[in-house]
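Observations on chain architecture
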Amino acid sequence: MDIEEKISALEQMKTPELRLEWRNAFPRPAPASFSLPLVQRALAAHYQEREAGRLTMAELRQLGALGRKDERRKERRVSTEAKPGAWLSRTWHGEMHEVVLLENGCEYRGQTFSSLSAVASHITGARWSGPRFFGLNSPRLGELKVAANS
């Protein structure tokens, strides 16, 4: 039986057959927390590993690094830029704070600040990223932009 047939056969197996197949492949029973689909995937991976060989530690590190690069790239996709005239609000300690973006800075309660971060620091009394404080780099913002462009 070739590897593809073995993997296809896993999909047709009932629980007792899968447990027996696991015992034939591994020296211990499948963890009780494994769902049947997870047992099937683990067995399929085991078959593939036996057929094609294991990945080296260097290859595993390389794959891990690729995954981390993808995550960082996704994080950077959300734009923190807002155009002049945009109005932002944030509730902080039960109080609503509203900011209007200007060409060179922002206006908050009649006062002009050089940046959103300066406004956030003024409001909180601590150093803050203004775009973060006002939610401009929120993952939800990216979802809203996509919905608005649809």
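Let us look at the structure shown here. Bear in mind that the values here come from a model prediction, so they are computed numbers and not experimental data. (Residues numbered from 1 in each chain as written. Predicted model: local features only at pLDDT ≥ 70, side-chain atom pairs only at ≥ 80, totals over all residues. Heavy atoms only, no water.)

**A closer look at the overall build of the protein chain**
Selection criterion: Under the DSSP-based scheme used, a helix requires at least four consecutive residues in state H or I and a strand at least two consecutive residues in state E, with every element numbered from the N terminus. For the exposure calls, accessible area comes from a 1.4 Å probe over protein chains only, and a residue counts as buried if that area is under 20% of its type's maximum, exposed if over 50%, partly exposed in between. The contact criterion used throughout is that any non-hydrogen atoms of two residues lie within 4.5 Å. Surface accessibility in these figures is a Shrake-Rupley result with a 1.4 Å probe; residues are shielded only by whichever protein chains are displayed.
Helices and strands together make up the secondary structure of the protein chain, namely seven helices and four strands. Going through the 150 residues of the protein chain one by one, you find that 21% of them count as buried. Long-range contacts, defined here as pairs at least 24 residues apart, represent 28% of the contacts in the protein chain between residues at least 6 apart. Put simply, the protein chain shows about 11,300 Å² of open surface, and 52% of that area lies on carbon and sulfur atoms.

**Thoughts on the side chain of His97**
Cut-off, in case you're wondering: In protein, a polar contact means a hydrogen-donor-capable atom and an acceptor-capable atom, both N or O and within 3.5 Å, with residues adjacent in sequence counting only if both atoms are side-chain atoms; elsewhere, any N or O pair within 3.5 Å suffices.
The residue His97 is located in strand E2 (residues 95-102) in this model. The exposure class assigned to His97 is buried, which follows from its relative accessible area of 4%. Looking at His97, its side chain comes within polar contact range of the side chain of Tyr108, at 2.6 Å. If sequence neighbours within four positions are ignored, His97 has contacts with Leu88, Ser89, Arg90, Trp92, Tyr108, Arg109, Ile123 and Phe134.

**Considering unusual backbone geometry**
Peptide bonds are trans in most cases, and residues, glycine excluded, mostly fall at negative phi. Of note in the backbone geometry, His93 takes a positive phi value of approximately 50 degrees without being a glycine. Mapped onto the fold, His93 is located in the loop between strand E1 (87-92) and E2. The exposure class of His93 is exposed, given its relative accessible area of 72%.

**Considerations on the side chain of Thr124**
Here Thr124 lies in helix H5 (residues 116-124). A distance of 3.1 Å separates a polar atom in the side chain of Thr124 from the backbone oxygen of Ala126. In this structure Thr124 touches Trp92 and Phe133, once residues within four positions along its chain are discounted.

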